[in-house]
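# A look at the structure
Residue strings, one per chain:
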Amino acid sequence: LSVVRCEEIDMAEAADETHLKYAAHERRVMITQDADFAALHTRWQQDGHNHAGIMRVPPHLQGEAQISFTVKELLFYHEAERIGALNLITDIENRLIYL
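Residues numbered from 1 in each chain as written. Predicted model: local features only at pLDDT ≥ 70, side-chain atom pairs only at ≥ 80, totals over all residues. Heavy atoms only, no water.

### Considerations on the packing of helix H1 (residues 16–26) against helix H2 (residues 36–47)
Our working definition: For helices, the fitted axis covers only the stretch in contact; all axes are lines through C-alpha atoms, and the angles between them, taken along N-to-C directions, range from 0 to 180 degrees. In DSSP terms, a helix is any run of H or I states spanning at least four residues, a strand is any run of E spanning at least two, and both are numbered starting from the N terminus. Each angle gets one of four labels, with under 35 degrees taken as roughly parallel, over 145 as roughly antiparallel, 65 to 115 as roughly perpendicular, and the rest as oblique. By convention, the crossing between two helices is left-handed when the near helix turns anticlockwise from the far helix through less than a right angle, and right-handed when the turn is clockwise. Any two residues whose heavy atoms approach within 4.5 Å at even a single point are treated as in contact. Throughout this entry, Asp, Glu, Lys and Arg are counted as charged residues, while Ala, Val, Leu, Ile, Met, Phe, Trp, Tyr, Cys and Pro are counted as nonpolar. The remaining residues, Gly among them, count as polar.
Direction vectors running N to C along H1 and H2 enclose 60 degrees, while the axes themselves pass 10 Å from each other. Between H1 and H2, the crossing angle belongs to the class labelled oblique. Pair H1 / H2 crosses with right-handed handedness. Seen from H1, the contacting residues are Asp16, Glu17, His19, Leu20, Lys21 and Ala24; seen from H2, they are Asp36, Phe37, Leu40, Arg43 and Trp44. Split by residue class, the contact of H1 with H2 holds 5 nonpolar, 1 polar and 5 charged.

In structure tokens:
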């Protein structure tokens, strides 16, 4: 389990679709607060494209509250997979999940 921030791969200013293409190619789940990914997810489904999943962080959270909430949610998904209650590949693939 690893996290890659867009700044680490020189994509801080990249378009949303470019981010999703990268994540899909690398088989990484997108974690975003950007509302535009909901429409992008729908368009990708309509066009027959696949992605590893998109998790949307609530927009009202900022700073430490956002980080704390997101880490807790990701730990929940990680633990669910560890005990066999979830398969991150098949259960999240091509889905938009609101955290």
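### Describing the side chain of histidine 19
Positionally, histidine 19 belongs in helix H1. Those residues in contact with histidine 19, other than ones at most four positions away along the chain, are Cys6, Met11, Ala14, Met30 and Phe37.

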